[in-house]
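# Inside the fold
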Amino acid sequence: KIGPVDLVIIALKATANDALEKILPPLIGPKTALLTLQNGLGNEEFLSTRWGAERVMGALCFVCLNRTEPGVIRHLDHGSISIGEFGCAPQARTHEIVAAFQDAGIDAKVVENLMTERWRKLLWNIPFNGLSIASGANVAEVLADEHLRTLARSLMEEVLDAAGRLDHSIPGEFADFQIERSWSMGPYRPSSMIDYEEGRPVEVEAIWGEAWRQGTRARAAMPRLETLYACIRALARQRLAAMSSPQSFSPR
C-alpha cells in the first residue's frame, strides 16, 4: 500500500526469498534501490536477475540478538552494519544510505567489495551457526570444547582457502580475531540454532550450500564443510518434518 519508494530494506530470511516475488513489485519505481541484510551467498543474485543488478545493494550485520517474541528483540552484544554495492564500487547513494543509518545512531560503514565482506562473515557463520545445530552447543560451549573449537578453526581454514581462490583474499589473522571476539558473546545461541530448534526453515543453502558449491568449483578442498552441510541439511529436513507432522495420541 506504500507504493514506490526510494529504498527497500530486505530483512527476511533467505528461506523466504520466494515471497519477495509478490512483496517487492508494488514498492519498486524507476530509481528504487534494494538493500538486502540477509545472510549467506546468492541473495543479491536472486534480486538482480529479477529486478536488475543496478538496483541491488547488500549489507552485513554483526550483532548478537534474539527475537524473543514478535516485535521484541533482546540485544546481547555488538551491533554494526557494513553496506556495499552489488557488482560495483560504492556510489553516492551508498554513502547517503550509510549516513542515514549513522544519523539513526547505528554503527555503519561503506565497504569497497561486498562479496569479499560476505566471505568474511561466512568465516564466522559457517562454523558457529553450523556447529550449534550439529552439536547442540551455543557459542560459549563451542569455544570451551577443545575439539569443537579446533573444528571451528579448521572450517575457517577451508573458507579462507575458498575465498582466496575466488579473489576475496582474507588474512588468516582475521579468523583468529573472529574467534577471540566471540568469547564476549557468552552462551549466545546463533539465529540458525534457534530456527532449527523452533522448527523454522534454516538458511542451509545460503550459508553452507552455496559456499561449498562456489568453493569446490574454484577447486578448494572443503571436506569438513561438505560433511557439515550434509549433516545440517538432513537435520533441518528431519526437524521440519517432525514439527509439521500431527501429534499422535495413545488411546486411553
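All values derive from a computational prediction rather than experimental measurement.

Here is what the cut-offs are and how they apply
- Residues numbered from 1 in each chain as written.
- Predicted model: local features only at pLDDT ≥ 70, side-chain atom pairs only at ≥ 80, totals over all residues.
- Heavy atoms only, no water.
- Helix = DSSP H or I, 4+ residues; strand = E, 2+ residues; numbered from the N terminus.
- Buried < 20%, exposed > 50% of the residue type's maximum accessible area, 1.4 Å probe, protein only.
- Contact = heavy atoms within 4.5 Å.
- Areas by Shrake-Rupley, 256 points an atom, 1.4 Å probe, with all protein chains shown as cover.
- Core = buried A, V, L, I, M, F, W, Y, C linked by side-chain atoms within 4.5 Å.
- Expected span 1.5 Å × (residues − 1).
- Arc of directions from axis to C-beta.

When helices and strands are tallied, the protein chain shows ten helices and five strands. Taking the principal axes of the C-alpha coordinates as reference, the protein chain spans close to 60 × 55 × 35 Å. Burial analysis of the protein chain (252 residues in total) assigns 48% to the buried set. Considering only contacts in the protein chain between residues 6 or more positions apart, those separated by 24 or more positions represent 66%. As presented, the protein chain carries roughly 13,100 Å² of accessible surface, and 53% of it is formed by carbon and sulfur atoms.

Take the nonpolar core next. Of all hydrophobic cores here, the largest spans 42 residues; its most connected members are Trp 119, Ile 126 and Trp 208. Sequence-distant contacts of Trp 119, defined by excluding residues within four places in its chain, comprise Leu 41, Val 159, Ala 162, Ala 163, Leu 166, His 168, Ile 170, Ala 211 and Gln 214. Membership of the second largest hydrophobic core comes to 15 residues, among which are Leu 27, Ile 28, Leu 34 and Leu 47.

To continue, consider helix α3 (residues 92–103). Taking 1.5 Å per residue as the helical rise, α3 with its twelve residues ought to reach 16 Å, and the 17 Å between its terminal C-alpha atoms agrees with that figure. What α3 keeps buried is the set Arg 93, Thr 94, Ile 97, Val 98 and Phe 101. Along the axis of α3, the buried positions cluster into a sector of 135 degrees, meaning they face one direction only. Turned more than 90 degrees off the buried face of α3, the exposed positions are Ala 92, Glu 96 and Asp 103. Where α3 is buried, its residues touch β1 (5–10), β2 (28–36), β3 (56–69), β4 (72–85) and β5 (107–110). The first or second residue beyond α3 is Gly 105, which carries a positive phi of 85 degrees.

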